[in-house]
There are 2 protein chains.
Amino acid sequence: MYPVAGLKDLCRRYKRVYRRAVAADFPQDPIKQLELAIEAVFKSWSAPRAISYRQINGIHGLRGTAVNVQAMVFGNMGDDSGTGVAFTRDPSTGENTFFGEFLIDAQGEDVVAGIRTPQPTSVMDKWNAEAFDELLKIKKILERHYRDMQDIEFTIERGRLWMLQTRTGKRTAAAAVKIAVDMVGSRMITQDEALLHIPAEDLVQLLLPSFAEEDLAKATCVARGLPASPGAATGRLAFTVEDAVRRTEAGEDVLLVRKETSPEDVDGMHHAVGILTSTGGMTSHAAVVARGWGKCCVAGAGELHIDARRKSVLIGNKRYGEKDILSIDGSTGQVLLGTVPRTEPSLSADFSTIMGWADKRRKLRVRTNADAPVDAIRARDLGAEGIGLTRTEHMFFEGDRILAMRRMILADTREEREAALDRLMPYQRDDFIGIFTAMKGLPVTIRLLDPPLHEFLPHDAGGQREVAESIGVSLARVRRRVHQLHEFNPMLGHRGCRLAVTYPEILEMQVTAIVEAMIRCRRKRIDAKPEIMIPLVGIESELRTLRQRVEETIDRVQEREQFSGALKIPIGTMIEIPRAAITADEIAHFADFFSFGTNDLTQLTYGFSRDDINSFLPHYLRDGHLERDPFQTIDRAGVGVLIEMGVRKGRSARRGLKIGICGEHGGDPDSIAFCAEVGLDYVSCSPFRVPTARLAAAQAAIRSKGRGRT
Amino acid sequence: MYPVAGLKDLCRRYKRVYRRAVAADFPQDPIKQLELAIEAVFKSWSAPRAISYRQINGIHGLRGTAVNVQAMVFGNMGDDSGTGVAFTRDPSTGENTFFGEFLIDAQGEDVVAGIRTPQPTSVMDKWNAEAFDELLKIKKILERHYRDMQDIEFTIERGRLWMLQTRTGKRTAAAAVKIAVDMVGSRMITQDEALLHIPAEDLVQLLLPSFAEEDLAKATCVARGLPASPGAATGRLAFTVEDAVRRTEAGEDVLLVRKETSPEDVDGMHHAVGILTSTGGMTSHAAVVARGWGKCCVAGAGELHIDARRKSVLIGNKRYGEKDILSIDGSTGQVLLGTVPRTEPSLSADFSTIMGWADKRRKLRVRTNADAPVDAIRARDLGAEGIGLTRTEHMFFEGDRILAMRRMILADTREEREAALDRLMPYQRDDFIGIFTAMKGLPVTIRLLDPPLHEFLPHDAGGQREVAESIGVSLARVRRRVHQLHEFNPMLGHRGCRLAVTYPEILEMQVTAIVEAMIRCRRKRIDAKPEIMIPLVGIESELRTLRQRVEETIDRVQEREQFSGALKIPIGTMIEIPRAAITADEIAHFADFFSFGTNDLTQLTYGFSRDDINSFLPHYLRDGHLERDPFQTIDRAGVGVLIEMGVRKGRSARRGLKIGICGEHGGDPDSIAFCAEVGLDYVSCSPFRVPTARLAAAQAAIRSKGRGRT
């Protein structure tokens, strides 16, 4: 930036130009005036609001701002003067009506400041019909020229219309869709342009309830967390899973308020209308699970001091208990006092039109991450072409299953373990039948058990006593097992395929359940298409031996079931360990497909734990060490290099290897663009992000054509 | 392997050959005999002992074994027959004397089986002088032919000598050194061959006490752990740090027995004669610290159930308490009952000769990892050319410092934190003065604070109460801070340079201490050469901003101290995060040197936590998923690719960038060979591994010349 001290020189240098342009109108010292003006510009550039605006909108690395100096027109020269702002179409609905306000005998800042109440432009023709007609003509010219809806400012000085500014207008997702379709209808823009005009990210807004702007403005924000899963929810506070379930079943709307969540909490999370946590980031357990369900979640609201035992939370100096009502806005991360009115979503015909155009255009296929039939159906309705990730661990927490699961974990011998697994198998099989049925012949990628076993055991004395009693083993045995299974860094521990290597009977149970489900569906003429995905592979021999065991199990079950049809079940792996990307050529020999698990890959490539990152991530974003949260948007320079390497090496060993992504990035438009660039076949994302992914994939295809890449 | 069922066919096919070779001597059915023989070979190949031998010796990927069929000679044909085994030189001392045993009227297996007591070959000339002379001649021929000491088997059939087998003889490290030097002296081999003949790994044996083979054979092994740090130690059991310190100071030899150790335990570990843990791997805290000190450690002895409160440990069914004596063998991982006699080390002139030859040959420089003057002096005596890693965190645990450290961590404001840091600074400065003085002008790479802050706070209620009282804050505040700092995956948490980014005052204190120490040394005419190393960098901007802050601090201290001499302090970074290797070209712009932290790099590349790996690592090694523990030997296919990338990209941005390694791999011969191949400038390892590293570096240089790489 130019130092303020040097302004005088600068002004003197431009003296001549300045005089010609402005001086005639202003008898006062023009140099002094110019100095003041430029100083104002600098002040405005470095105002805290401007800084945080640039931060929020990801505007980085600028060295300053350009300034145009020009003559001014005045709207405050009497009753034949005035000023106004307008959108060329309705920015809320997209309706093609001129939408603005004006004030007679006023300057622009008077309209914005809200000191006087402006009139709608719909009555402007009564005041100055000529100017209004001209305005409508200019509206059309501007829209045709810029090929988009405009946000304009104008002034009428002594009866004559002057245009002050025009820029592309901000709009809601609904308006964006309608405007895009309308403009194609009136041949103002092409379908490709229409697709590019809609921010893919915003489509999520159309699918979830939200708080209206005006209600939000009136509400009191008591804390802020991360916008972990969009939507809007209001409820009384529940501090334990049991309370959340019991009170929901008694008809109450509750928000589950927890320090963080774990797989044990899934039942309570499912019952609650929304989830609020005090730690954890955008890809914490709470965030990932909530997004998968389209449930509103605000995560990592650090100002909350939760006391689960006292069933209350301290925010600032005020304590909130079970009877208090809070609202959470999953799109902004705001925690609001009391009830805030919500708007429910509904999808328009224009939305379908846009999705249809997107589907014609995109090359990437779009799958979904879904663990239950209800999510699978929702995702298919939103256009998912299959399931890219079915996690099987959540399935073990429901009802009696957790007992059998715990019995399996507490088993001392392989026989005991197998007995417990035999009890789990039918549950798993029925889960899979449900999902296959919901997906009606679309492929379903099932990931074998991933989390470390200790996630399935309670860590408090009370819970352990309960487990001991219900299973009929000694408390000491439960404690010893919890102790044995304890890990310093569970993320890097005994999980994923490492479980299948050391306890192959778990893998065999899961594969048996998949194959039995597939056969039962086939016999009912339901075309089940499972794909088996082995997680956390880092060494070729892991996949080689596990693949063989999967194949043997498939053959055994098929024989036992006396099913004579062909069972083609692709067996693939996740690429989520850096070493897997680096040795992808070796691994590809045993993989029918790859799916990049970019959550873990990002954790390992950066050495960041997404559960712990909040202690320094805000600092890193503020100081520019990170331009964006790498768990939201793929870090091209680091993680991206490993992905490219994985794709290149994988396909070098196996031509045309099918490759997808099932990390959270699969629903992020920028990351989807990256996936398209490196040649992935599909992305998989949460059900509510499927439309976003379809549109983003189309945009990537259009842009790559623009760069001559097709 | 050839299936046993097919043997008959195999035998029939070779019938003709077989008949000609053997049949004449054996009237019985020759086919049947051959079948039996081949079956015996298969059995021997798949015997459990053979399998575990191949495993221990890293012999992998074989498809079977070759078998020679030949006529047999017999040593059991009367008193003029006999059989013997011998080494051409003494395998314990290396003495050039024929060293063997023979039995009259016996077969080879009788010698090995130990049913009869054989006679030494020194009396053989009294029985058959002619055969003995011939044997001595053959010994010379074999040694000259194979250019190494031989292990031979012979038989005398009816007075005539037959050689059955010769192979290179196994020997102790001391013998290896002496034999190599003697053979060069008698011009049998070159210096290069001498260097290649000595297993670099074995040199550690020469520097540490050990149990003699015969004593070990008599001792009772009660458990087995990992050979985490070589040496031999005997002591009564201590279960807490306090007990270890108190009882050692009272004159007792104690073994510190812990589930695992943490930085809080360093004082007790230092006092104990040896360390025994029940969890943790070869690179757990206990293992790394103990190796650094040359202190004996057996880690991860899973059979131990330690009850620190009752001050006893359960092994099998037996409980051992504070009064019981155990011995641990850090070279084998054995835990032995009672006292086992130890042999103390002493270095020969031949050792110095070998080291001199190695130093002439090697291209890699060898530094050491040392945190205290005593270790620095030891390493310099063993030939270290500088310190490649001084960890600063251990320094904060001694005496009063931990109080100031905790005060710093508990501080609510930057001012409080700075006040606590001001108290720590003089301690740090004096530590650095001690190390600079010990290293007498050799470079000293100091790593800034690395572990997460919670490692410095006690996690038990008692400890927290004590901290609250001694610092004069409320227990609630201590608890809250412990709670705030808690991390799910500390390895991936708020540590390394992330601490310096969020708490720059910690970095400033450490840099101040370094610069003040340097200036004070210089004023006493001690040539201090610090290098400042910033850990855990994953993003170029971390290093950019921290480097700037380090430079500013250096300037400020120099000015305040009114020191006019030039202070050239290189500032570099560790490459231990995959992303750092991938973006090494960006990072190199701000680094005067790189040092690969291969412990963390291996953890992240594999997604393995070295503290938790024991739950599946043994299984992985047994089943061949891993050929070797990647924390011991660099995994070339995975981690190695990142290291190569880091070197290539780093030097592409900064020609001739100095690059070293300071992970545990820096002392492993195979890894050192890799470091030489990828063009590193130096390795840094524990003091006791410095001779190993010097020799391994020389071997790498010789082998690379052999491959025409020089």
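A brief look at the structure comes next. (Residues numbered from 1 in each chain as written. Chains lettered and ligands numbered in written order. Predicted model: local features only at pLDDT ≥ 70, side-chain atom pairs only at ≥ 80, totals over all residues. Heavy atoms only, no water.)

Observations concerning the overall build of chain A
We count it as follows: Numbering of helices and strands runs from the N terminus; a helix is a DSSP stretch of H or I covering at least four residues, while a strand is a stretch of E covering at least two. Summary of the burial criterion: residues with accessible area below 20% of their type's maximum are buried, those above 50% are exposed, and those between are partly exposed, where the area comes from a 1.4 Å probe applied to protein chains only. Here, residues are in contact when the closest pair of their heavy atoms is within 4.5 Å. In summary, the charge assignment counts Lys and Arg as positive and Asp and Glu as negative, without counting His or the chain termini. Charged side chains are reduced to one point each, which is NZ for Lys, CZ for Arg, CG for Asp and CD for Glu.
The helix and strand inventory of chain A stands at 29 helices and 26 strands. If you line up chain A on its principal axes, its C-alpha atoms span 100 × 60 × 50 Å. Expressed as a percentage of the 710 residues in chain A, the buried residues total 56%. The long-range fraction of contacts in chain A, counting pairs at least 24 apart against all pairs at least 6 apart in sequence, stands at 67%. Distance between charge centroids for chain A: 3 Å, based on 97 positive and 96 negative side chains.

Some thoughts on the nonpolar core
Heads up, the rule is: Put simply, a nonpolar core is a bunch of buried Ala, Val, Leu, Ile, Met, Phe, Trp, Tyr and Cys residues held in one set by side-chain atoms that sit within 4.5 Å of each other.
Among the nonpolar cores identified, the biggest contains 292 residues, and Met405 and Phe436 of chain A together with Met405 and Phe436 of chain B are the most heavily contacted of them. Among all residues touching Met405 of chain A, those that are not within four sequence positions of it are Phe396, Leu424, Leu449, Leu453 and Phe456 of chain A.

Digging into the interface of chain B and chain A
Quick reminder of the rule: The term buried area denotes the loss of accessible surface (1.4 Å probe radius) that occurs when two parts are joined, taken as the sum for both partners. Basic side-chain nitrogens of Lys or Arg form a salt bridge, by our definition, when they fall within 4 Å of a carboxyl oxygen of Asp or Glu. Amino acids are sorted into nonpolar (Ala, Val, Leu, Ile, Met, Phe, Trp, Tyr, Cys and Pro), charged (Asp, Glu, Lys and Arg) and polar (every other residue, Gly among them).
Listed per partner, the contact involves 48 residues of chain B and 47 residues of chain A. Both faces considered, chain B and chain A share a buried interface measuring about 4,400 Å² in area, 61% of it formed by carbon and sulfur atoms. Here chain B and chain A share two salt bridges between them. The shortest N-O distance in the salt bridge between Asp635 of chain B and Arg579 of chain A comes to 2.7 Å. Mapped onto the side of chain B that touches chain A, the elements with two or more residues apiece are α20 (497-502), α22 (540-560), α23 (578-582), α25 (598-606), α26 (617-622) and α27 (639-653) of chain B. The residue makeup of the side of chain B that touches chain A, split by class, is 20 nonpolar, 18 polar and 10 charged.

Topic: α25 of chain B
With nine of nine residues buried, α25 of chain B is to be regarded as a mostly interior element. Gly607 of chain B occupies a position one or two residues after α25 of chain B and carries a positive phi of about 70°.

Digging into the layout of surface pockets
Residues and elements named next belong to chain B. The condition is simple: The distinction between a cavity and a pocket rests on a 1 Å grid over the protein atoms alone: a 1.4 Å probe fits inside a cavity but cannot get out, while a pocket stays open yet meets protein on both sides within 12 Å along at least five of seven lines, and a residue with an atom within 4 Å of a point counts as lining. Grid points are joined across faces, edges and corners, and a volume is the space filled by probe spheres set on the points.
Approximately 1,800 Å³ is the volume found for the second largest pocket. Together, 41 residues line the second largest pocket, and Val41, Asn68, Glu153, Leu164 and Gln165 are the ones closest to its centre. Taken together, the elements giving at least two residues each to the lining of the second largest pocket come down to α3 (30-45), α4 (48-56), β1 (82-87), α5 (108-113), β4 (150-157) and β5 (160-168). A total of seven residues in the lining of the second largest pocket trace back to one element, the largest contributor, which is α3. Along the lines of polarity and charge, the residues of the lining of the second largest pocket split into 23 nonpolar, 11 polar and seven charged.

Focus: the sheet that holds strand β21 (residues 443-447) of chain A
Residue and element names in this part refer to chain A. How we decide: In this description, strands pair whenever DSSP reports at least two bridges between them. Here an axis means a line fitted to C-alpha atoms, over the contact stretch when the element is a helix, while the angle between two N-to-C directions is reported on a 0 to 180 degree scale.
An order of β19-β20-β21-β22-β23-β24-β25-β26 is seen for the eight strands of this closed barrel, with the pairing classed as parallel. On average, each strand axis in the sheet is tilted by 30° relative to the strand beside it, whichever way the strands run. Judged from the three bridges that link them, strand β22 (residues 529-534) and strand β23 (residues 571-575) form a sheet pairing that is parallel. For Ile534, the partnering residue across the bridge sits in β23 and is Thr573. Across the sheet, helix α27 (residues 639-653) lies against β24 (593-596) and β25 (658-661), angled at about 180° from β24, the strand it touches most.

Here we look at the pattern of salt bridges
Residues and elements named next belong to chain B. The tally for this structure, following the rule as stated, stands at 104 salt bridges over all chains. Two residues, Glu201 and Arg689, come together in a salt bridge whose shortest N-O distance is 2.6 Å. In this pair, Glu201 sits in the loop between α8 (191-197) and α9 (203-207) while Arg689 sits in the loop between β26 (682-685) and α29 (690-706), placing the two residues 488 residues apart along the sequence. Note on Arg689: relative accessible area 14%, which makes it buried. Between Asp215 and Lys218 there is a salt bridge; the shortest N-O distance is 3.8 Å. Here Asp215 pairs with Lys218, and both are found in helix α10 (residues 213-218), just three residues apart, close to one helical turn.

Considering the sheet that holds strand β12 (residues 296-299) of chain A
Residue and element names in this part refer to chain A. Taking strand neighbours across the sheet as the criterion, the eight strands line up as β7-β17-β16-β9-β10-β11-β12-β8 in an open arrangement whose pairing is mixed. Edge positions in the open sheet fall to β7 (221-224) and β8 (226-229), since each of these has one partner strand only. Going across the sheet, the axis of each strand differs from the next one's by a mean of 30°, ignoring polarity. Sheet analysis places strand β16 (residues 325-329) next to strand β17 (residues 334-337), joined by four bridges and oriented antiparallel. Within β17, the position partnered with Ile328 by the bridge is Val335. Against the sheet, helix α13 (residues 285-293) makes contact with β8, β11 (274-277) and β12, and its axis sits at roughly 45° relative to β8, the strand it touches most.

Notes on the relation of the copies chain B and chain A
Put simply, the rule reads: The superposition of copies rests on a least-squares fit of C-alpha positions from residues with pLDDT of 70 or more in both.
Mapping chain B onto chain A calls for a rotation angle of 179° and an axial translation of 0.1 Å; the resulting RMSD is 0.3 Å. Given the turn and translation reported, the copies of this chain are related as if by a two-fold rotation axis. For chain B, the residue whose C-alpha comes nearest the rotation axis is Asn489 of chain B, separated from it by 2.1 Å. A high fraction, 98%, of the interface residues of chain B reappear at the interface in chain A, so the copies pair face to face through one surface.

Some points on the pairing of strand β21 (residues 443-447) of chain B
All names here are of chain B. Here β21 lies mainly inside the structure; five of its five residues are buried. Residues of β21 alternate between two faces, with Pro443, Thr445 and Arg447 on one and Val444 and Ile446 on the opposite face, all of them buried. Taken together, the three bridges between strand β20 (residues 387-391) and β21 define a ladder with parallel strand orientation. Counterpart to Ile387 in the pairing with β21 is Val444.

Focus on a nonpolar patch on the surface
Spelled out, the test is: Like-charged residues are merged into a patch within 9 Å and nonpolar side chains (Val, Leu, Ile, Met, Phe, Trp, Tyr) within 5 Å, provided each residue has over 30% relative accessible area and no salt bridge. In short, Shrake-Rupley with a 1.4 Å probe defines the accessible areas, and a residue's cover is counted only from the protein chains shown.
A surface patch of nonpolar side chains, about 280 Å² in accessible area, is lined by Tyr53, Ile59 and Leu62 of chain A. Within the secondary structure, Ile59 of chain A is located in the loop between α4 (48-56) and β1 (82-87).

Some words on the packing of aromatic side chains
Test applied: In summary, the pairing rule links any two rings of Phe, Tyr or Trp, Trp by its six-membered ring, whose centres are within 6.5 Å, and it sorts them by plane angle into stacked for under 30 degrees, edge-to-face for over 60 and tilted for everything else.
For the structure shown, the criterion picks out 16 aromatic pairs over all chains. Centroid distance Phe98 of chain B to Phe132 of chain B: 6.2 Å. Interplanar angle 75°. Geometry classified as edge-to-face. Taken together, the positions of Phe98 of chain B in the loop between β1 and β2 (99-104) and Phe132 of chain B in helix α6 (residues 125-146) put the pair 34 residues apart, joining distant regions of the chain. Taking the relative accessible area as the measure of exposure, Phe98 of chain B reaches 15% and is therefore buried. Measuring from ring centre to ring centre gives 5.1 Å for Phe397 of chain B and Phe456 of chain B, while their planes differ by 20°; the resulting arrangement is stacked. Highlighted residues: Phe397 of chain B in the loop between β20 and α16 (401-410) and Phe456 of chain B in the loop between β21 and α18 (461-471), separated in sequence by 59 residues. Considered together, Phe397 of chain B and Phe456 of chain B belong to a single accessibility category, that of buried residues. An aromatic cluster is present here, built from Tyr606, Phe608, Phe616 and Tyr620 of chain A joined pairwise through their rings.

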